[in-house]
Number of protein chains: 2
Amino acid sequence: MTSPLRIGLAGLGTVGGGVGKQLESEGARLAAVSGRAIEITAICARDRSKDRGFDISGAKWFDDPVEMAKSDDIDVFVELVGGSDGSAKSAVEAALSAGKHVVTANKALVAHHGAALAAMAEKGNAALNYEAAVAGGIPIIKAMREGLIANKITQVSGILNGTCNYILTEMEETGADFADVLSDAQKLGYAEADPSFDVGGTDAAHKLAILSSLAFGTEVDFSSVYVEGIEAVTAADIRFAAEFGYRIKLLGTAVRNEQGAIEQRVHPALVAHSAPLASVSGVTNAVSVDGGYVGNVVLTGPGAGEGPTASAVVADIVDIARGITFPPFILPQSQLSAAETVDMSDYSGAYYLRLEAADRAGSMAEVTKALAAADVSIERIMQRPDQGRDGKWLPVVLITHETHEATMRRALGLLSEHADVVSTPVVIRIQGS
Amino acid sequence: MTSPLRIGLAGLGTVGGGVGKQLESEGARLAAVSGRAIEITAICARDRSKDRGFDISGAKWFDDPVEMAKSDDIDVFVELVGGSDGSAKSAVEAALSAGKHVVTANKALVAHHGAALAAMAEKGNAALNYEAAVAGGIPIIKAMREGLIANKITQVSGILNGTCNYILTEMEETGADFADVLSDAQKLGYAEADPSFDVGGTDAAHKLAILSSLAFGTEVDFSSVYVEGIEAVTAADIRFAAEFGYRIKLLGTAVRNEQGAIEQRVHPALVAHSAPLASVSGVTNAVSVDGGYVGNVVLTGPGAGEGPTASAVVADIVDIARGITFPPFILPQSQLSAAETVDMSDYSGAYYLRLEAADRAGSMAEVTKALAAADVSIERIMQRPDQGRDGKWLPVVLITHETHEATMRRALGLLSEHADVVSTPVVIRIQGS
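Conventions we followed
- Residues numbered from 1 in each chain as written.
- Chains lettered and ligands numbered in written order.
- Predicted model: local features only at pLDDT ≥ 70, side-chain atom pairs only at ≥ 80, totals over all residues.
- Helix = DSSP H or I, 4+ residues; strand = E, 2+ residues; numbered from the N terminus.
- Rg over C-alpha atoms; globule rule 2.2 N^0.38 Å.
- Buried ≥ 20, exposed ≤ 12 C-beta atoms within 10 Å, placed from the backbone.
- Contact = placed C-beta atoms within 7 Å.
- Pairing = 2+ DSSP bridges.
- Axes fitted to C-alpha atoms, helices over the stretch in contact; angles between N-to-C directions.
- Nonpolar A, V, L, I, M, F, W, Y, C, P; charged D, E, K, R; others polar.
- Domains from an automatic or database assignment.
- Least-squares fit on C-alpha atoms with pLDDT ≥ 70 in both.
- Core = buried A, V, L, I, M, F, W, Y, C linked by C-beta atoms within 7 Å.
- Arc of directions from axis to C-beta.

A.B. asks: Tell me what's going on with the overall build of chain A, and back it up with residues and numbers.
C.D. replies: A count of helical and extended segments in chain A gives 14 helices and 18 strands. The C-alpha atoms of chain A give 24 Å as radius of gyration, which agrees with the globular expectation for 433 residues (22 Å, within 12%). Each principal axis of the C-alpha distribution contributes one length, and for chain A these read about 85 × 45 × 35 Å. Here chain A, with 433 residues, has 55% of them falling under the buried criterion. Taking the contacts inside chain A whose residues are at least 6 apart along the sequence as the reference set, 75% of them involve residues at least 24 apart.

A.B. asks: For the sheet that holds strand S3 (residues 60–62) of chain A, give the residues involved together with the corresponding values.
C.D. replies: Each strand in a sheet pairs with its neighbour through backbone hydrogen bonds, running either in the same direction (parallel) or in the opposite one (antiparallel). Residue and element names in this part refer to chain A. Pairing is parallel across the open sheet formed by six strands, whose spatial order is S3-S2-S1-S4-S5-S6. Both edges of this open sheet fall to S3 and strand S6 (128–129), since each of them pairs with a single strand only. Summarising the sheet, strand S5 (residues 101–104) and S6 pair through two bridges and their orientation is parallel. Its bridge partner lying in S6, valine 103 is registered against asparagine 129. Across the sheet, helix H12 (residues 306–321) lies against strand S1 (5–10), strand S2 (38–44), strand S4 (76–79), S5 and S6, angled at about 165 degrees from S5, the strand it touches most.

A.B. asks: Lay out the interface of chain A and chain B in plain terms, naming residues and giving numbers.
C.D. replies: If you look at the interface, chain A gives 43 residues, while chain B gives 43 residues. Taken together, the elements giving at least two residues each to the side of chain A that touches chain B come down to helix H2 (27–34), helix H6 (140–147), strand S12 (295–302) and H12 of chain A. Of the residues contributing to the side of chain A that touches chain B, the split by class is 25 nonpolar, 13 polar and five charged.

A.B. asks: Describe the domain arrangement of chain A, naming the residues involved and giving the relevant values.
C.D. replies: Residue and element names in this part refer to chain A. Entries for chain A in the domain assignment read domain 1 (5–133), domain 2 (140–302) and domain 3 (347–431). The C-alpha centroid of domain 2 is placed 28 Å from the C-alpha centroid of domain 1. Contacts between the two partners involve ten residues from domain 1 and, on the opposite side, eleven residues from domain 2. A breakdown of the residues in the side of domain 1 that touches domain 2 according to their chemical character gives six nonpolar, two polar and two charged.

A.B. asks: Pulling in residues and values, what's your account of the sheet that holds strand S5 (residues 101–104) of chain B?
C.D. replies: All names here are of chain B. Across the sheet, six strands lie side by side as S3-S2-S1-S4-S5-S6; this open sheet has parallel pairing. Two strands in the sheet have a free side with no partner beyond their single neighbour: strand S3 (60–62) and strand S6 (128–129). This element, helix H12 (residues 306–321), spans strand S1 (5–10), strand S2 (38–44), strand S4 (76–79), S5 and S6 of the sheet and lies at about 165 degrees to S5.

A.B. asks: Can you break down unusual backbone geometry residue by residue, with the values?
C.D. replies: All names here are of chain B. Positive phi values are uncommon outside glycine, yet asparagine 125 reaches one of about 50 degrees. As for its placement among the helices and strands, asparagine 125 is situated in the loop between helix H5 (107–123) and S6. Phi at isoleucine 330 is positive, roughly 75 degrees, even though this residue is not glycine. For isoleucine 330, the position within the fold is in the loop between H12 and strand S13 (348–349). Given 20 C-beta atoms within a 10 Å radius, isoleucine 330 is considered buried.

A.B. asks: Summarise the relation of the copies chain A and chain B; cite the residues concerned and give the values.
C.D. replies: Placing chain A over chain B gives an RMSD of 0.0 Å and needs a rotation angle of 180 degrees, together with 0.0 Å of translation along the axis. Each copy turns onto its partner about a two-fold axis. Among all residues of chain A, the minimum C-alpha distance to the rotation axis is found for Leu299(A), at 2.3 Å. Taken together, the interface assignments show that 100% of the residues at the interface of chain A recur at the interface of chain B, consistent with an identical surface on both copies.

A.B. asks: Report on the nonpolar core, specifying residues and quantitative values.
C.D. replies: Of all hydrophobic cores here, the largest spans 297 residues; its most connected members are Val313(A) and Val313(B). Setting aside chain neighbours within four positions, we find Val313(B) in contact with Val15(B), Val19(B), Val78(B), Val103(B), Ala105(B) and Ala132(B).

A.B. asks: Break down the environment of Glu366(A) for me, with residues and values.
C.D. replies: Within the element layout of this structure, Glu366(A) appears in helix H13 (residues 363–373). C-alpha separation for the pair Glu366(A) and Leu415(A), spaced 49 residues apart in sequence, amounts to 9.9 Å.

A.B. asks: Requested: an account of helix H8 (residues 178–188) of chain B, with residues and values cited.
C.D. replies: All names here are of chain B. Looking at H8, one finds that the buried residues are Val181, Leu182 and Ala185. With its buried residues spanning 100 degrees around the axis, H8 presents them on a single face. Of the exposed residues in H8, the ones pointing more than 90 degrees away from its buried face are Ala179 and Lys187. Positioned one or two residues after H8, glycine 189 has a phi angle of 85 degrees, which is positive.

A.B. asks: Help me get a handle on the environment of Val280(B), residues and values and all.
C.D. replies: Residues and elements named next belong to chain B. Mapping valine 280 onto the fold places it in the loop between strand S10 (262–272) and strand S11 (284–291). Residues valine 280 and leucine 96, 184 residues apart in the sequence, show an inter-C-alpha distance of 37 Å. Ignoring anything within four residues of it in the chain, the contact list for valine 280 reads Ile159, Asn165, Ala286 and Thr300.

Next up, the structure:
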């Protein structure tokens, strides 16, 4: 047997504790699998005295992650500190510069600095593994880097944020509104005290930018992701969507068009009940990949939590122990192209539109005339006189035929100013798969 | 760049042609990914003159796969000949003995001879990759060998045969009977002229035996798999199951019990509509893995066909080009334990039971009394007077509480001899997940 693989663990929160416990409990089996022992030889965390659920007595203690990253005591730097910059970034850079392997669960770091870090890793022939950064325990990064490598991917889309999916599922099942469900989710620990990163779509966008790079062989380009969160989704929209045969999900989607340009977008979407992603409920994540040869493959599983996330981190470590190292984004970093971006105004698809029209004869005709004038063609329309407000305003809900985003925005402008329409109309994109 | 990886392709049917086409079309990209070119340098097939859809002019032609397997012209022997014995086995053994890597899509070969072939591969430090043998294009072997490696797996179950799932889906959607749907499936090319390997469950059992070995660290043990096919499933059972909230699927399931013994079984099962596997329809396959840390992960996708199967074969080849080689069944073959088998009579679960009872006062009481006498406890029961036969026999359908298989068989024996019961009762197991 080769000498043990020496792990330096930076960050001993939930995930770090899980990694320690799994490496301890599964140590003998993982050593047999890898052909070498895996040992935690160094640890960097704030509080030395806290019980972490595994034996840390043999590990050297560091107060500064950068010092640990450079130290001769480790072969692999496991970064579970978090944050796109600050000490997480400095420490990962220090480790890669020293030719050490890095395993990280840090989606923000990889989404913001993936290309630069990949170049450093490749220079030192080191691994930069980040399975835990996307969809928790689901081995989607491995599937895209290895299992589906034969395929030119045309689209990747997924439910990438468990907090949002939990909230939308609860809203559907209880009929409660966003704010109430969010507040319950915070009490249950399914949402952070400051939930904006999750419900605003940023977390899903980080993950999507990573998947997009792997799918299309482009440099990670987080700044080009179009992002809308779920804050504006109402219980009424979920109910109306259901009447049309849809569920509302926060989807992250990356598509390459025929000219090779890439559209990356995170937004709530109406998904047909029969689509694979529609039945993914609660905190579960799912990623759907369309490959040229393989067709559609969907991976579903727990997207967060101690066990699943640590399981992904440990798999990344075992890969290194087995000697698996190749460019972090599949192609050598020098061969990744800069992504040409499709502007969101060029998006086209069907839309769900809800507005409140004046409760008087002819107002429906006025609204549909305005949409026609704006070049928006209606596929289905539903007026619900029983759900009016103040006896004056009636909800009108409709589904459009395929429409350009720019056209839709123009139509919204016209509608917002229309005498028969009160308040800003609600628009949600419809996604087939 | 290293020297090209030289591929010998044995078998140029649908999948072999697909592998050739994918390696040709994706050649430049895969070379960049792997750090070396991948070239088909040798081919073994029956007809030299047939157009295979890719350029075979540069490859050396062999009539005997064993000769090609031993030849100095190749580094990797790709076996797409098929069959658990015969030339496929001889050629794979010859390749491994010569220290060459092997990639195969041959589930029967791996299910019957996996342990012996793994020992040969490890002796020569060669890869034995078989991603395409289970669930076609779905990267489930990679997920179990690598992505989920941290976990002690407790259960793996799946829809592993596209032909059966297509037939059951069609039966549900059209109300037609097994024989009619099978005959249509044969015309459409979804079922073989001799369908017994598929509909009888053997094909699914081959795949399950492989998954079971990976899940539990045991030697592949195909002979211990309990197998029932779908031939006896009727349109009536599918209809009654739906009324109880279930779909009927052919599932392959491997479970390790608390004593460490392993139950492997392939049989039709009632799956609750809400379970992830219930919504997998048509020729699609799906594998559900329950891991100790990660929880439940489900992979869904195309289980057969040129593109998906070749995609899996090419991924296996690229792994070798990237230098990824480790024991075929995760642990070194010498450390795999012989599986201790749970006998099917020790199985326990809920059952669906359909029988025809005499259409006269008191017959229901007689039937339920007989079940009670046999120690079978009923959870739900449904009698359908509108669906009687010959004005004399009425269908009685019921769901039992958890019951031992041995108890159920005893009850069936009693019922079969009962004066109020005509024909043999139909029994289908119910599976929660």
